[in-house]
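The lines below spell out each chain.
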Amino acid sequence: MVKPILLFFSLQNLSWFLLVVLVFLVAWLLWLYWRKTDNPRKIKILLNGMLLLWLAAYLWDPTWEVSEQPQKLLLLGNELSQSQGDSLRSHYRLPAFTQAKYNNKNDSLILMGRDFDPAMLYASSPVHTRWIPIPQEDSLDFITWKSVLAPDEKQVLDLKLNVGQESWLYLTWEDENLDRVSLSVGYQEVRFEFAPKAKGRNRFEVKREGNTLADIRFYVQPSQPFSIQFLLPYPDFESRQLATWLVQQGLKVQFESQVSENVGIRTDINQPDNPTLLITNPTFANSNLVKALLEQGHSVFFYGFQNPNQAIQSINTALDLQWELSVVDDESSSGESVSTGPFRLKDKPYQWSIHGDKVAFQRSGSGKVGLSLYQETFPWKIEGDSLRYDAFWSEVLIQLRKPPSHQVALQAPVFPKTKIELEIYSDSLAAEALSIGNDTVYFSPDWLNPHKQASTWIPDQSGWVKVAEEMEIYVEESEAYASHQQSSILAHTLQEISIHQTAETKTLTRRLPDAFWWISFLVVLSLLWLEPKIRP
C-alpha cells in the first residue's frame, strides 16, 4: 500500500496535485474578493491571488516551440592551414571553426576539406551538410579500380588529381609505358582502360615525372575450361581457319562433319573434353546435342547463313527464341570482302549485340545462344588484317564463355580496419558463406536478382587475401592513398548523417528564463509586504 502512495506523490504528480489545489485557492479568493465591500481587503485578496498564480505558473513551467533557420558555419578539415582557413572565411563571409573549437549542435555545416572526425560530426547533429573538398596541389585526390576481374574483362582505372604544372601521366607495367595522358594545370580527371597481363595477380603503376603516384594491384580470375565442338554438314574453309585459330589459342577442339545421315567424320585436337561451346549452323538447330548443351548451361553459336531469313526462323522455331531481322541500306559496307549484306538484328531488351547489330546473343535457359550474320570472316586474315580477325573471334568467345562459379564486385583500393560492401554473383540461389582470409563471410540474396548476394567485410591485415580458394583480394597498407581514404570515410559518414536529417530548419524549445521567475516573485512579495504599511 505504501508503494502506490509514493508513486502518486512523485515530483510530476505532486506538481499537478499542487496545481489543482492552487486553482481551488484562486477560485476561493475570487469568491472572497467579490463578497468584500471594503477596498483594502480586496487589494490584499488580489495580492494573495497573484502569489498563488505565480506559484501555479512556476509549477507548470510553460514551454513553446519555435522554428528558425540554422546558423551557417564553415567547418575546417584538419589538413587545412591557418592561412587557408582565413582565406575561406573571408571568401564565404561566414564564421569558420576548426574541429577542436567547434562544440555547437543543429547548425548548417559547410565542410571544407577531408580530414574530419566522424564521431564529432555525429555528435554535432547538423540539420544540413554540404561538403566542399579542397584538393592539395600536386596530390592524388581520388582513385578507384576493380579489385577482381572476370576472365577476359578489361580494367578501368579512374583518377582525380590537382595539377600544379603541366606534365605527363604514365601507366606502366614492369617499366614499360603502356599509355600516357597529358596533364594541364588545374583539377584533372583521368581514365585508363587496359587489358591485364596475366591470370591471377596483376600489378601496374601510375607514374608522373618519374615518381610512382599509384600502385595498382588486382586479381584476374582464371578462365573456366573451354572445350569447343564444331558440328557442320561438311567441312569448309571458314570453319577450318577458325578451328586452326582456336587451337593456336590453346583451346581444345573437336571437329565433326555430318557428310550423310549416318556417316560422320570426327577430328580431335588437344584431347577435347565434353564440349562447353558448340559452333554449328542452322541445319542442326533442332538436334539433341544443341538442346542438351543449353540445358547444361553451355553455349551454342550459329553462323554461315546462306538465307538469313530462313536461318533465323529455323533457330527461333527449334529453340523458342525471338530473333528478328531488319533490312537496312548500309553503304559503308559496300565493296568490303566481309559483310552481312543488308541485314541487321533488331534490338531486343533481352538480347545484346556487338559489331553494329551483326552479331548477337541471348540467354536460353541457363545457357547462351549466339549468332553471326557474317557469312565468312577468313578474308580478313587472307588480306593480312589478322588483328581484326583475332579481335572479332576473341570478342565472340568472351560473350559465350561460361562465367566463374563466383564473381566478386568490389572497388579498390581496399583498406584494413575499414568496412567494405562486398557483392558476389553466383550460380547458386542459396545464401552463400565464403571464407575470406581468416574470416567466414555470410551473404544475403538480393530480392530483385537471386544470383546476386551482398555482405560486409572488415579486413584485418594488409596484403593478398584469399577468397574461397578461387581468387584473391589485395588490401592496401593503412597509410596508402590518404586523401582517398579521408574522402571515402567522410562520404560514408555524411550518408549516414543524412538519414536523420529531416529538414533544413531546426525546432527549438523555449521557456521563460530564471530571471523572470525571480524578479516576478520578488515583485509580488514586495507588494504583499508594502500593502499593510501604506494602507490608510
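You'll find the structure just up there.
Cut-offs and rules
Residues numbered from 1 in each chain as written. Predicted model: local features only at pLDDT ≥ 70, side-chain atom pairs only at ≥ 80, totals over all residues. Heavy atoms only, no water. Helix = DSSP H or I, 4+ residues; strand = E, 2+ residues; numbered from the N terminus. Buried < 20%, exposed > 50% of the residue type's maximum accessible area, 1.4 Å probe, protein only. Contact = heavy atoms within 4.5 Å. Pairing = 2+ DSSP bridges. Salt bridge = Lys/Arg side-chain N within 4 Å of Asp/Glu carboxyl O. Phe/Tyr/Trp six-rings, centres within 6.5 Å; stacked < 30°, edge-to-face > 60°. Lys NZ or Arg CZ within 6 Å of the ring centre and 35° of its normal. Expected span 1.5 Å × (residues − 1). Core = buried A, V, L, I, M, F, W, Y, C linked by side-chain atoms within 4.5 Å. 1 Å grid on protein atoms, 1.4 Å probe; cavity = no way out; pocket = protein on both sides within 12 Å on 5 of 7 lines; lining within 4 Å. Points joined across faces, edges and corners; volume = space filled by probe spheres on them. Nonpolar A, V, L, I, M, F, W, Y, C, P; charged D, E, K, R; others polar. Axes fitted to C-alpha atoms, helices over the stretch in contact; angles between N-to-C directions.

Trainee: Talk me through the environment of K146; I want residue IDs and the actual numbers.
Mentor: Mapped onto the secondary structure, K146 falls in strand 6 (residues 139–146). Exposure remark for K146: the relative accessible area of 28% places this residue in the partly exposed category. Taking the C-alpha atoms as reference, K146 lies 7.1 Å from F218; in sequence the two are 72 residues apart. In this structure K146 touches E153, Q155, V156, F218, L410 and Q411, once residues within four positions along its chain are discounted.

Trainee: So what's going on with the sheet that holds strand 12 (residues 200–208)? Which residues, and what values?
Mentor: The mixed open sheet is built from five strands, whose spatial order is 7-13-12-9-10. The outermost strands of the open sheet, each flanked by one partner alone, are strand 7 (148–149) and strand 10 (176–183).

Trainee: Give me the pattern of salt bridges: which residues, what numbers.
Mentor: The full count for this structure, using the stated rule, is nine salt bridges. Of the charged contacts, one joins R201 and E472 as a salt bridge, the two residues approaching to 2.8 Å between their closest N and O atoms. Here R201 is found in strand 12, whereas its partner E472 is found in strand 32 (residues 471–475), with 271 residues between them in sequence. Here E472 falls in the buried class, since its relative accessible area comes to 8%. Residues participating in the shared-partner salt-bridge network are D175, E205 and K207.

Trainee: Tell me what's going on with the pairing of strand 28 (residues 439–442), and back it up with residues and numbers.
Mentor: One ladder, built from four bridges, connects strand 27 (residues 433–436) with strand 28; its direction is antiparallel. Following the sheet pairing, S435 is matched in strand 28 by T440.

Trainee: Help me get a handle on the packing of aromatic side chains, residues and values and all.
Mentor: By the definition in use, this model includes 12 aromatic pairs. A network of ring pairs unites the aromatic residues F301, Y374, W380, F392 and W393 as a single cluster. Taking the ring centre of F142 as reference, the NZ or CZ of K160 above it sits at 5.2 Å. Its guanidinium or amino end placed over the ring of W173, K197 lies 5.0 Å from that ring's centre, counting from NZ or CZ.

Trainee: Please set out helix 8 (residues 308–319) residue by residue, giving values where relevant.
Mentor: The end-to-end C-alpha distance of helix 8, which contains 12 residues, comes to 16 Å, matching closely the 16 Å that a straight helix rising 1.5 Å per residue would cover. Within helix 8, burial applies to P308, A311, I312, I315, N316, A318 and L319. Close packing links the buried residues of helix 8 with helix 7 (288–295), strand 18 (299–302), strand 19 (325–327), strand 20 (343–345), strand 22 (359–364) and strand 23 (367–372). Positive phi shows up at D320, right after helix 8, with a value of about 55 degrees.

Trainee: Please provide a residue-by-residue account of the nonpolar core, values included.
Mentor: Residues F230, L246, I279 and F301 are the most contacted members of the largest nonpolar core, which totals 26 residues. Mapped by element, the contributors of at least two residues to this core are strand 14 (227–232), helix 6 (237–248), strand 15 (252–258), strand 17 (277–280), strand 22 and helix 10 (386–400). At six residues, the largest contribution of residues to this core is made by helix 10. The residues contacting F230, other than those within four sequence positions of it, are S239, L242, A243, L246, V253, Q254, F255, E256, L278, I279 and Y303.

Trainee: Could you give an account of the layout of surface pockets, naming the residues involved and the relevant values?
Mentor: It is the rolling of a water-molecule-sized probe over the atoms that shows where space remains empty. A volume near 890 Å³ is recorded for the largest pocket. Taken together, 32 residues form the lining of the largest pocket, with L410, Q411, K419, I420 and E421 sitting closest to its centre. Where the lining of the largest pocket is concerned, the elements lending two or more residues are strand 6, strand 7, strand 24 (406–409), strand 25 (411–412), strand 26 (420–426) and helix 11 (482–499). No other element matches the eight residues that helix 11 contributes to the lining of the largest pocket. Within the lining of the largest pocket, the residues separate by chemical class into 16 nonpolar, 11 polar and five charged. In terms of residue count, the dominant contributor to the lining of the second largest pocket is helix 10 (three residues). When grouped by side-chain class, the residues that make up the lining of the second largest pocket number 10 nonpolar, four polar and six charged.

Trainee: Mind laying out the sheet that holds strand 3 (residues 96–98), listing which residues take part and the relevant values?
Mentor: Here four strands make up an open sheet; going across it, the order is 3-2-4-5 and the pairing parallel. Each edge of the sheet is formed by a strand with only one pairing partner; in this case those strands are strand 3 and strand 5 (128–132). Ignoring which end each strand starts from, the neighbouring axes of this sheet average 25 degrees apart. Examined bridge by bridge, strand 2 (residues 72–76) and strand 3 share three bridges and lie parallel to one another. Paired with L74 across the two strands is A96, which belongs to strand 3. Across the face of the sheet, helix 4 (residues 82–92) comes into contact with strand 2, strand 3, strand 4 (108–112) and strand 5 while running at roughly 160 degrees to strand 2.

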